[in-house]
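Architecture and fold: a report
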Amino acid sequence: MTNLPFVPRRVLAIGAHPDDVEFFAAATVAQLLDAAAQVALVVCSDGARGGRNLGDPAAVRRGEQARAAAALGIDDWLWLAHPDGALAAGDPLRSDLVRSVRRVRPELVLAHDPRTLWTIIAGIAQPGHSDHRAAGQATLDAIYPRSPSPNFYAEQLGGDEALQSWYPREVWLFDTAQPDLCIDVADGFERKKASLLAHASQEEAVGGLAAAARAMGAHWGSEQRPAEAFVRLRLY
Ligand SMILES: [Zn+2]
């Protein structure tokens, strides 16, 4: 286990659903914020297939996401509202993510590992989610070759948007079965728990997000020193 190996000025965290960045990486995000990084969050789907009997589930989950972002101290968060359960790695998701990369200009991107079909935690297979893999794949495909190349989505680079081409320095993939970076998150875990409790509609649905996050933290670290797990990619 380690502490943060790299402190960027700007971070972009991309999750498939409301609660994913919080579940897999919120304590690392808290530590990055403590280190004076600016952190922007993108939620790809509307979360409408999570929870039970929510009435207007997307509206409920958007409200919960606002409270979770506030619990972490993130002001800049974007709700892309693609249909939950139907994320696909192509357009329009990919162009939305290129736009976010070009707008935020992150040195570090946090995203799902698109290879995760399952993860074994304490001997039990936790199946991966197709939306997570699609969001991770779309993120990697946005980072290369699209965001740095003016030949992709050129309309974003001119006109009213006037965004800039961009290539991040590092990508850390969470939601992975094969990490090479396990960050000690004993410092930051209380804020992670607060951000997860903001997703109140998911407590019943998955048997307690905060408890599951604690078990995963103990798996990658220890009971006393929970960890969040990533694959660290240095791009230049
Ligand atoms: Zn998810």
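These notes cover the structure that comes with them. These figures come from a predicted structure and were not determined experimentally.

Within the structure shown, the criterion is met by 13 salt bridges. As a salt-bridge pair, R191 and D34 come within 2.8 Å of each other at their nearest N and O atoms. With R191 in helix 5 (residues 189-197) and D34 in helix 1 (residues 20-34), this residue pair connects regions lying 157 residues apart in the sequence. A relative accessible area of 48% means that D34 is categorised as partly exposed. The partner of R99 in a salt bridge is D96, with the nearest N and O atoms 3.6 Å apart. Remark: D96 and R99 occur in helix 3 (residues 93-104); sequence separation between them is three residues, near one turn of the helix.

Turning our eyes to something else, we now look at the coordination of the zinc ion. Within the protein, the zinc ion binds to H17 (ND1), D20 (OD), D20 (OD) and H132 (NE2); these donor distances fall in the range 2.0 to 2.3 Å. One way to put it: the four donor atoms around the zinc ion meet at angles of 56 to 140°, and that makes the site irregular. Sequence positions of the donors to the zinc ion reduce to the motif H-x2-D-x111-H. Note that H17 is positioned in the loop between strand 1 (10-15) and helix 1 and H132 in helix 4 (residues 130-146), a separation of 115 residues in sequence. This pair shows no difference in class: H17 is buried, exactly as H132 is.

What follows is about the packing of aromatic side chains. Any aromatic ring pair is given by two values, namely how distant the centres are and how the planes are angled relative to each other. Per the counting criterion, the structure on display carries six aromatic pairs. For the pair F23 and F24, a centre-to-centre distance of 5.0 Å together with 90° between the ring planes defines the contact as edge-to-face. The same class applies to F23 as to F24, namely buried. Summarising the aromatic geometry, the rings of W172 and F230 are spaced 5.8 Å apart at their centres and angled 55° between planes, so their arrangement reads as tilted.

Our focus in this paragraph is the side chain of S147. Checked against the element boundaries, S147 lands in the loop between helix 4 and strand 7 (170-174). Those residues in contact with S147 that lie beyond four places of it in its chain are V98, V101, R102, A142, S165 and W166.

The first and last C-alpha atoms of helix 7 (residues 209-220) sit 17 Å apart over twelve residues, in line with the 16 Å expected at 1.5 Å per residue. Along helix 7, the residues that are buried comprise L209, A210, A213, M216, G217, A218 and W220.

Another point: unusual backbone geometry. Residue P92 is reached from D91 by a cis peptide bond, and omega for that bond is 10°. Within the fold, P92 resides in the loop between strand 3 (76-82) and helix 3. Note the cis peptide between Y144 and P145, where omega equals 5°. You can see P145 is positioned in helix 4. Residue A36 is not a glycine yet carries a positive backbone phi of 75°. Note that A36 resides in the loop between helix 1 and strand 2 (38-45). Take A36: its relative accessible area is 64%, and that puts it in the exposed class.

Thresholds, definitions, all that
Residues numbered from 1 in each chain as written. Predicted model: local features only at pLDDT ≥ 70, side-chain atom pairs only at ≥ 80, totals over all residues. Heavy atoms only, no water. Salt bridge = Lys/Arg side-chain N within 4 Å of Asp/Glu carboxyl O. Helix = DSSP H or I, 4+ residues; strand = E, 2+ residues; numbered from the N terminus. Buried < 20%, exposed > 50% of the residue type's maximum accessible area, 1.4 Å probe, protein only. Donors = N, O, S within 2.8 Å, 3.2 Å for Na, K, Ca; no water. Tetrahedral: all angles 85-135°; square planar, octahedral: opposite > 155°, others 65-115°. Phe/Tyr/Trp six-rings, centres within 6.5 Å; stacked < 30°, edge-to-face > 60°. Contact = heavy atoms within 4.5 Å. Expected span 1.5 Å × (residues − 1).

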